[in-house]
Amino acid sequence: MSEPAAPVHDRTRWDVQALRAFAVVAVVLYHLWPNRLPGGFVGVDVFFVISGFLITGHLLREQVRTGRIALGTFWARRAGRLLPGAFLTLTVTGIAVLAVVPSSLWGQYGRELIAATVYLQNWQLASDAVDYLASDNQPSPFQHFWSLSVEEQFYIVLPVLLVLLAALPRRRRADPVRTARVLLGTIGVLSLVWCVVETRTAPGIAYFSTATRAWEFALGGLVATVPLAAARSARVTAVRAGGTWAGVAGLVASVVVITPSTPFPGTAALLPVLSAALVLAAGARSTLEVVGRTAPVAFIGRTSYAIYLWHWPAVVLLPVVLGHPLGTTSKLAVLVGALVLAAASTLLVEEPLRARVRTVRMRPFRVAVIGLVATAVVVALGAGTLTAVHVQQVQAQAFTERLARGDVDCFGAATHIGSAEPCVNPRLADVRVPAPAAALHDDANEDACWSNTTADFNVCSFGPRTGYRKHLLAVGDSHNNALITAYAAIAEREHWRIDVAGHIGCYFTTATQQAPTEAYTDSCQGWKQNAVRWVQDHADGLDALLVTHAATKSPVIATDGADADATVVRGLVGAWRSATENGVPVIALRDNPTARDDVPACLAQMRGPTTGACDLPRDQALAAFDGSEQAVAAIGDRARYVDLTDWYCSATTCPAVIGGVLTHRDPTHLTATFATTLAPALGSALRSALSSLGR
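Owing to the predicted nature of the structure, the values given are computational and were not obtained by experimental measurement. (Residues numbered from 1 in each chain as written. Predicted model: local features only at pLDDT ≥ 70, side-chain atom pairs only at ≥ 80, totals over all residues. Heavy atoms only, no water.)

A. Representation of the state of the cysteines within the structure. Tallied over the full model, the rule gives five disulfides. A sulfur-sulfur distance of 1.9 Å marks the disulfide that ties Cys 649 to Cys 654. Handedness here is read from the sign of the S-S torsion; for Cys 649 and Cys 654, about 95°, the answer is right-handed. According to the relative accessible area criterion, Cys 654 is buried, its value standing at 6%. Going through the chain in sequence order and numbering each bonded cysteine, the pairs you get are 1-2, 3-4, 5-6, 7-8, 9-10. (Disulfide = S-S within 2.5 Å. Buried < 20%, exposed > 50% of the residue type's maximum accessible area, 1.4 Å probe, protein only.)

Right under this line is the structure:
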């Protein structure tokens, strides 16, 4: 029967400590100085390989020695090793969020705090990666728990699979090491294949998914099943030293040649993963252990887990406290502070509690109860932030409804800020609705009007089904659907029927738009083809096709030597002619201005009367090329151009709050509340356009 690597007498693998130190230093330096160490994020992959190696070795040594794996004891020890530091970090960071972070971010941070506490953060981030509404999320101080979540899931699944395999009738007398090799090899191959496929088709999910990362743990586990020849001869020593330093060279190369633009993990992850596995396979009693024994490296390796826990919250929260991005001095302060906190939490919290679990031999049930209580406490902290956000949402919604029912003068777009004499209501000086914490969710888009990642041309209707005076189809991307409340109000007021159809990051153009995946591109192209067919099928009853699109997202791909602006115009003209040639005129609505990247967070810090602190200069807010005006000119008499910029902006500024209403819920999308107040202006512009078209 073969034995797993790492003999019992070799309790300290100093090469592993050196590898841990390398991994955490790479990650921290990447977070602080990403331009200096572009591939430092691969340190996480190194940690995955180390975890697979150590945990597999531990489980197999127990199984070989005793014939079984005590799951409860194993998980209790894992809890004693990981939970104290993690829950301490989460609690301190959660309190800091409530103390210094604008309430506009509490909703996102609260969700991520809960996900991190229950070790599902990777799936939360994977979900956000494919959620268009979450694409503008700010990095949270809990985001780094995604890798710890993947590790915890591995710690749960692997021992269960080993126990189940050992229980099979045909496997009861089988060599557990060989069984583990088959299991890990199968997992590794399947996971690697899926990783490559998913990285090409859904990179956001691939980065955070447990399924696409399992092969990294599996490879580390396979190394633990391979007995290595003892270094008893100069030749073996030389081979092992060569393998060790080849692995080190591969790791150093990976943090340089891999960059954030590299499709990852995919095949690119093979370099750091194979290099780490090579170090683990050959590093025992090699010269790398000399490096691992040196005081600085040994200290960093020993506290690597705590360094990883503490450094990221500081990277995210310190700029909020300072009011500006981190500079060299503040980055050095983060680095030193993380080392100090890591040393304190390791020496005063983690190691004493870990030793207590071992010496007292706490029963797994007792550890589980303690863990559940601690989890409930931290989850309650996250739930508290979500509750506070919900209260603000309810209060803001109720206040908005009261204002609307009361027909308040100059509310929202009614200010007509770009006119010579804008409407000003002093009663709205300190009104800001929706609440900044609720702004992100002030979105009236409906699934029935929306195609997320499919080619389906979903259409919803507002206004009367029959007997309507006009029939319009409003089509475009999310900027089109952000106007749904305006469309609904216009349809009701004018007795029109307005159909609405939108697609995530995709609008009515014959040009190909940039997209994160091939599947995304395919769904967009299919949706546009379906849009053309829908217009052709309903041409007899349509009075106009209303089009708009985001000028700042999903840019088109220039072809045939044309520049980007010319490609935008040509794509619009090509799509619109599919309508005009079937007798349907086009009304093109210029895209809304943009806002500051941090507009809800900026407004959340504002107290008293609204100031211009969160506004954006007009030339910056309208900097992107829209192309609609030029395309209308190319189409001619069958198209009209509508520009509502003067309802968003003065001659010099595009305010973040107009008439007591937040204009934007994120840098590019309008709030549904402001869109509602825009309805009279948009309705008037559409009536004029239709009249000039003879409709």
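B. Representation of the packing of aromatic side chains. Scanning the entire structure with this criterion turns up 14 aromatic pairs. With 5.2 Å between their ring centres and 85° between their planes, Phe 41 and Phe 264 make a pair best called edge-to-face. Taken together, the positions of Phe 41 in the loop between α1 (14-32) and α2 (43-66) and Phe 264 in the loop between α10 (234-257) and α11 (270-282) put the pair 223 residues apart, joining distant regions of the chain. Under the relative-accessibility criterion, Phe 41 is labelled buried at 8%. (Phe/Tyr/Trp six-rings, centres within 6.5 Å; stacked < 30°, edge-to-face > 60°. Helix = DSSP H or I, 4+ residues; strand = E, 2+ residues; numbered from the N terminus.)

C. Examining the pattern of salt bridges more closely. Following the criterion strictly, the structure yields 14 salt bridges and no others. Between Asp 643 and Arg 590 there is a salt bridge, and its shortest N-O distance comes to 3.4 Å. Taken together, the residues span a long stretch of sequence, with Asp 643 in the loop between β8 (639-642) and α24 (645-648) and Arg 590 in the loop between β6 (586-589) and α21 (599-604) at a distance of 53 residues. Arg 590 gets classed as partly exposed once you look at its relative accessible area, which sits at 22%. (Salt bridge = Lys/Arg side-chain N within 4 Å of Asp/Glu carboxyl O.)

D. Geometry of a nonpolar patch on the surface. A cluster of nonpolar residues, Val 100, Val 320, Val 321 and Leu 322, forms a patch on the protein surface that exposes about 280 Å² of accessible area. Relative to the helices and strands, Val 321 resides in helix α14 (residues 304-322). (Patch = residues over 30% accessible without salt bridge, like charges linked within 9 Å, V, L, I, M, F, W, Y side chains within 5 Å. Areas by Shrake-Rupley, 256 points an atom, 1.4 Å probe, with all protein chains shown as cover.)

E. Main features of the confidence of the model for the chain. On average, the chain scores 88 in pLDDT, and the residues at 70 or more come to 88%. For the chain, the element scoring lowest by mean pLDDT is helix α16 (residues 364-405), at 61; β6 scores highest, at 98. Note on residues 1-10: pLDDT under 50 across the span, and 23 contacts to partners over four residues away in sequence or across chains. (pLDDT = per-residue confidence, 0-100. Contact = heavy atoms within 4.5 Å.)

F. Here's a closer look at the side chain of Thr 668. Relative to the helices and strands, Thr 668 resides in the loop between β11 (661-662) and α25 (672-677). Looking at Thr 668, the relative accessible area reads 7%, which means it is buried. Polar side-chain contacts of Thr 668 include one of 3.3 Å to the side chain of His 479. Filtering out sequence-adjacent residues up to four positions away, Thr 668 remains in contact with His 479, Thr 552, Lys 553, Asn 592 and Thr 594. (Polar contact = N/O pair within 3.5 Å; in protein donor to acceptor, adjacent residues only side chain to side chain.)

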